[in-house]
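What follows is the residue order along each chain.
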Amino acid sequence: MINDLESVDWSSMSHAYGSAHEVPVWLRAMASADAGTREKAFGDYYSAAHHQGDVYPCTAASLPFLFALADDTATPDRGAVVHLLLSIGREAVDCGDDIIVAPDGSESTAAADSVAMLRERSDAFLTYAQDPDPWVRRAGIEGLGLFVEDADRAFGALRERLPAEAGTVERLLVVHTAATLALRLPAARTAATAWLAALADDPTTEPDIRLAAVVHHARCGEDRDDAVPTAIALLRRLATAPERGSEEAGCRVGSDSGACACRNGREGEGDGEADTGTDADAEAVAQDGVPPQVTAAFEDLDRHGWLHAPTTTLLRTFHTVLDARVPERTALLTEQLRSPDPAVRYDAIRMAQDLITSWRGEHTGLVLLLADCLTPEDPYTAAAAAESLRALGPVGEPAREALAAQVAANRTTHGPNAWAATKTLPRRAHQEAVMALAALGDPRALPCLLTALDDGTDAWRAVQVAGRLRPGAGELVPRLSRHLAAADLSNPWADMGTGALMSALAELGDAAAVPALTDAVTAAIRHDQPRIGASALKALAAFGTEAASALDVVRPLADAADVSLRAAAAAALWALERDPADVVPRLCDLLDTHAHHDAADVLGLIGPPAAAALPRLRTMLTAGYEWTRVHAARALWDIAGEAEADVVVRTLLAAWAKNDATSNHVLACLDRMGPAAAPALPRIRAELAQARRSGRFGRVANDEDLQRTCRTVLARLS
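Here the structure is a predicted model, which means the values were calculated and not measured. (Residues numbered from 1 in each chain as written. Predicted model: local features only at pLDDT ≥ 70, side-chain atom pairs only at ≥ 80, totals over all residues. Heavy atoms only, no water.)

1. With respect to the overall build of the chain
Here is step 1: In terms of regular secondary structure, the chain is built from 36 helices and four strands.
Here is step 2: In terms of C-alpha radius of gyration, the chain reaches 30 Å, essentially the compact-globule figure of 27 Å for 718 residues.
Here is step 3: Its C-alpha atoms give the chain principal-axis dimensions of about 80 × 60 × 55 Å.
Here is step 4: Burial analysis of the chain (718 residues in total) assigns 54% to the buried set.
Here is step 5: By sequence separation, contacts in the chain at least 24 residues apart represent 67% of the contacts at least 6 residues apart. (Helix = DSSP H or I, 4+ residues; strand = E, 2+ residues; numbered from the N terminus. Rg over C-alpha atoms; globule rule 2.2 N^0.38 Å. Buried < 20%, exposed > 50% of the residue type's maximum accessible area, 1.4 Å probe, protein only. Contact = heavy atoms within 4.5 Å.)

Shown next as C-alpha cells:
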C-alpha cells in the first residue's frame, strides 16, 4: 500500500503551512530503519498535517497508508502509527459533521470522512487491542470506544481485555473506554454501566480499578449517593497498598483518556539533592532575544503537563463530573491533599487551585492544606503549592504565615541570597514563596525582592509583585527605576519587561519614580516604541499633579500620530494639569478612534466640565459591542448624573447580561450611582446567589472585589 503513495495528488491539498506535497515523504519516513528519521517524520506530520489536532483533506487521505503501516508487523514504530490513527480519529469525532475551513480558505468534510473511514476499518482496532505490543494495544483499546459500531462486539472485547491485561495503564484504559462506548452507543449503555457498577462494588477487584469504575460510572450519568465516600475509601486503600511495577513510568500526558500518563521518580523529591543545577542554569535567560518570561512560560506549560500519580487523570475526570458539587469535591480534595503518597498530594495541588478559582465558598481548609505542602524538605512540591497560593489572590490569606515561614526557612538553609540559589528546585520554591507572600502585601517578602533587584537574578519575577509592597516603596522605587533606565528600548520585546516595571512603579505610588518614567517616555519615542511610550504615560498619570514636572514631555505627544500614544498623552495631561479646556476637545476627537474606551473613561473622570462629549457618548450607547456601551454609560453618569440614570442602568445591566466579564466595571459604576442604582438590585442579588466565580478574566481577586461591591450596594439600598 505504501508504494501507492504517488497515486494521490498530494500537491492539490494543503496542510497548516501550505502544500501537502511533503506528506508522502513523511509517511515513507515513518517506516525508516533510522530512529531519528522516524521521529522527525512523525514530528513534521503532527506539526503540519495534524497541526494542533486539525484534520485536513491530506490527513484523511493519509489514513489508508497509516493503516498499512500499522498492520505491517515489520513497521518499527507501530505503536506510534496506531496512536496517530487514534489521535486523528479522536479529533475528527470531536469535530462531528462540521465543515472544516483550511488555511487556504477551502472548505472540506475531512473530519467526517476520516471518521467514516476509521469506522469502516474498525476491525483493525479489535486486532490492535490484542497486540503483544502494549503501545499498540493501548491505542487499540481506546479505539474500540470510538470507532466500533457493533455495541455488543465492542463491549465484549473490552470485557475480555480486563482480565487479560496485567498493566495498570491498560486496565484503567479498558474501564475508561467502556464508559466512552456507553456514552456513544445507546445499545451499549445498559450492559456497560451495569458492569462498571459491579466492578466498583467488587471487593476482590484492585482498588485502582474499582476507583476507575466509580468515576466512569458517574461519568455516564449514573449517580450514586456514595460515589465520593467510596472514592475516598479506595484512595486510602491505594495509599497503603504495596507498590507495583511501573512499566508506565515516564509517560507524558497524551490524552484525556483516564489512563495514567505517569511520571515516577520525581525530580528533586525530598531534599532536592538530585538536582545538580549550577549557576549556569540558575536563571531563565533570554535566548535569541526571547525574554526570560517567555522561556519560563513554556517551562511552566511543560511542567504542568506531567502527572505524578496513576490516579490523577481519574480524579480530574471525577472533579469534572462532580462540577458544582463543591462540598463533595472539597472532601475529595481534602483526602488527596492529606494522602501519605507525595505524588497524589502533588497532583492535588493544581486540582485544589482549579476548584478555588472556579467556585465561591469557604475554602480555608483547602488553603491550609496547600500551606501544609510548603515544606523546605520537598522543594518540588513546595514550589507548586506556592505557585497555586499566589494564583488564589486574597483567598490565599490563611496561608500567609506558612509562606513567611517557608521564606525564612529557605534563607536559613540557602543563605540571604536564596533567591539565586544554585540548585534549580530550591531556587524556584523560594521564589514562588516570596512572590506569593508579596502578593499578599506582606513586608516580610521585601528583603528577598531587594536582593533580587540588586543581584539581577530573575529580577523580572520580583518586578511582577513589587508593586504590592507599598510600605517598601522607598527602597523599591530607586531599584525599579534603575532597571527601567537600563532597559534596551531598541529591542522589539522590550515592552514585556518595561511594562511590568512601569506598572510596579505606578502601583507603589511614590512620586520619586516620576523622573524615571519621564525618561522612559522620551526614550520610547526616540526608539519608535509607541506602545512603551503609552505605558509610561499611563504610569505617570497615576501620580496626578505630583508628576507635573513631566508636562513638557507629555504635552507634545497629545498630538502624536499614533492613536494609542495620543490617547495616553491626553489622559496624562488631565491627570497632571487638570485643565478641561485643553483636554476635553482632544478626548472628544478620540471618541471617533479605536481609543474611544480610554477617552470615555477620562471624560468620566473629568465629570461635568466634559459635558461637550455627551452627544457622542449617547451615540456610543447604540454600539454593537457591549464594552463600548459600558464605557460610554459610565462616562454619561459621571458627567451628567441623575439626568442619565435610567438609560445608564439599562445599558449597564444589558451589557452585564451579555458579557459577564463587564461585571466589575458595571458594579463600580452602580456603586457610584447611589439610590439611582436601585433597579439593579435583582441582578445584584442573583450575582451573589451564584456559586461559580465571575468577574473580569475570571480572576479570584476580581470576583472577590465583585462580591464585595455587590454587598456594599445591596446594604446601601436595601
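2. Things to note about the confidence of the model for the chain
Here is step 1: The predicted model of the chain has a mean per-residue pLDDT of 91, with 92% of residues at 70 or higher.
Here is step 2: Taken as a whole, residues 244-286 scores under 50 in pLDDT and shows 110 contacts with residues more than four places along the chain or in a different chain. (pLDDT = per-residue confidence, 0-100.)

3. What about the packing of helix α26 (residues 530-541) against helix α28 (residues 563-577)?
Here is step 1: At a minimum axis distance of 8 Å, the contact between α26 and α28 shows a crossing angle of 15°. Comparing the axis directions of α26 and α28 gives the class roughly parallel. α28 is crossed by α26, and the crossing has left-handed handedness. Residue-level contacts link Pro530, Gly533, Ala534, Leu537, Lys538, Leu540 and Ala541 of α26 to Ser564, Leu565, Ala568, Ala569, Ala571, Ala572, Ala575 and Leu576 of α28.
Here is step 2: For the contact of α26 with α28, a count of residues per class yields 12 nonpolar, two polar and one charged. (Axes fitted to C-alpha atoms, helices over the stretch in contact; angles between N-to-C directions. Parallel < 35°, antiparallel > 145°, perpendicular 65-115°, else oblique. Left-handed = near helix turned anticlockwise from the far one by under 90°. Nonpolar A, V, L, I, M, F, W, Y, C, P; charged D, E, K, R; others polar.)

4. Some points on helix α33 (residues 645-658)
Here is step 1: The end-to-end C-alpha distance of α33 is 20 Å, a good match for the 20 Å that 14 residues give at a rise of 1.5 Å each.
Here is step 2: Within α33, the full set of buried residues consists of Ala645, Val648, Val649, Thr651, Leu652, Leu653, Ala655 and Trp656.
Here is step 3: On the buried face of α33, the contacting elements are α32 (626-640), α34 (663-673) and α35 (681-689). (Expected span 1.5 Å × (residues − 1).)

5. Let's talk about the side chain of Ser108
Here is step 1: Here Ser108 shows up in strand β4 (residues 107-108).
Here is step 2: Within polar-contact distance, the side chain of Ser108 engages the backbone nitrogen of Ala110 at 3.3 Å. (Polar contact = N/O pair within 3.5 Å; in protein donor to acceptor, adjacent residues only side chain to side chain.)

6. Thoughts on the nonpolar core
Here is step 1: Ranked by internal contacts, the top residues of the largest apolar core, which has 230 residues, are Leu66, Leu670 and Met673.
Here is step 2: Top contributing element to this core by residue count: α28, with 12 residues.
Here is step 3: The contacts of Leu66, once residues within four sequence positions are left out, are Leu27, Met30, Tyr45, Val81, Leu84, Leu85 and Ile88. (Core = buried A, V, L, I, M, F, W, Y, C linked by side-chain atoms within 4.5 Å.)

7. Quick word on the pattern of salt bridges
Here is step 1: This structure, assessed with the given rule, holds 46 salt bridges.
Here is step 2: Asp638 is the salt-bridge partner of Arg672, the closest N and O atoms lying 2.9 Å from each other. Separated by 34 residues along the polypeptide, Arg672 in helix α34 and Asp638 in helix α32 bring together distant segments of the chain.
Here is step 3: Taking relative accessible area as the criterion, Arg672 reaches 39% and is therefore assigned partly exposed.
Here is step 4: What you see here is one network of salt bridges that share partners, running through Arg360, Arg683, Glu687, Arg693, Asp703 and Glu704. (Salt bridge = Lys/Arg side-chain N within 4 Å of Asp/Glu carboxyl O.)

8. Examining the packing of aromatic side chains
Here is step 1: Within the structure shown, the criterion is met by six aromatic pairs.
Here is step 2: Summarising the aromatic geometry, the rings of Trp10 and Phe65 are spaced 6.0 Å apart at their centres and angled 50° between planes, so their arrangement reads as tilted. Taken together, the positions of Trp10 in the segment before β1 (14-15) and Phe65 in helix α3 (residues 57-71) put the pair 55 residues apart, joining distant regions of the chain.
Here is step 3: The ring centre of Phe67 lies 4.3 Å from the NZ or CZ of Arg121, which sits over that ring.
Here is step 4: For the cation-ring pair, Arg683 lies above Trp656, with the distance from its terminal atom to the ring centre recorded as 3.9 Å. (Phe/Tyr/Trp six-rings, centres within 6.5 Å; stacked < 30°, edge-to-face > 60°. Lys NZ or Arg CZ within 6 Å of the ring centre and 35° of its normal.)

9. Notes on the packing of helix α16 (residues 342-358) against helix α18 (residues 379-391)
Axes are the key here: two packed helices are described by the angle between their axes and the distance separating the axes.
Here is step 1: It is at 9 Å that the axes of α16 and α18 come closest, and there the two elements cross at 5°. Taken as axis vectors, α16 and α18 run roughly parallel relative to one another. Contact residues: α16 offers Tyr346, Ile349, Arg350, Gln353 and Thr357, while α18 offers Tyr380, Thr381, Ala384, Ala385, Ser388 and Ala391.
Here is step 2: Here the contact of α16 with α18 is built from residues that sort into six nonpolar, four polar and one charged.

10. Brief notes about unusual backbone geometry
Here is step 1: For Gln52, which is not a glycine, the phi torsion comes out positive at approximately 50°.
Here is step 2: For Gln52, the location among the structural elements is in the loop between α2 (35-48) and α3.
Here is step 3: Located in the positive-phi region is Phe697, a residue other than glycine, with phi close to 65°.

11. Some details on the environment of Val321
Here is step 1: Along the chain, Val321 turns up in helix α14 (residues 312-322).
Here is step 2: Overall, Val321 belongs to the partly exposed group, its relative accessible area being 29%.
Here is step 3: On a C-alpha basis, the gap between Val321 and Cys220 in space is 9.1 Å, while along the polypeptide they are 101 residues apart.
Here is step 4: Here Val321 is in contact with Ala218 and Arg219, once residues within four sequence places are set aside.

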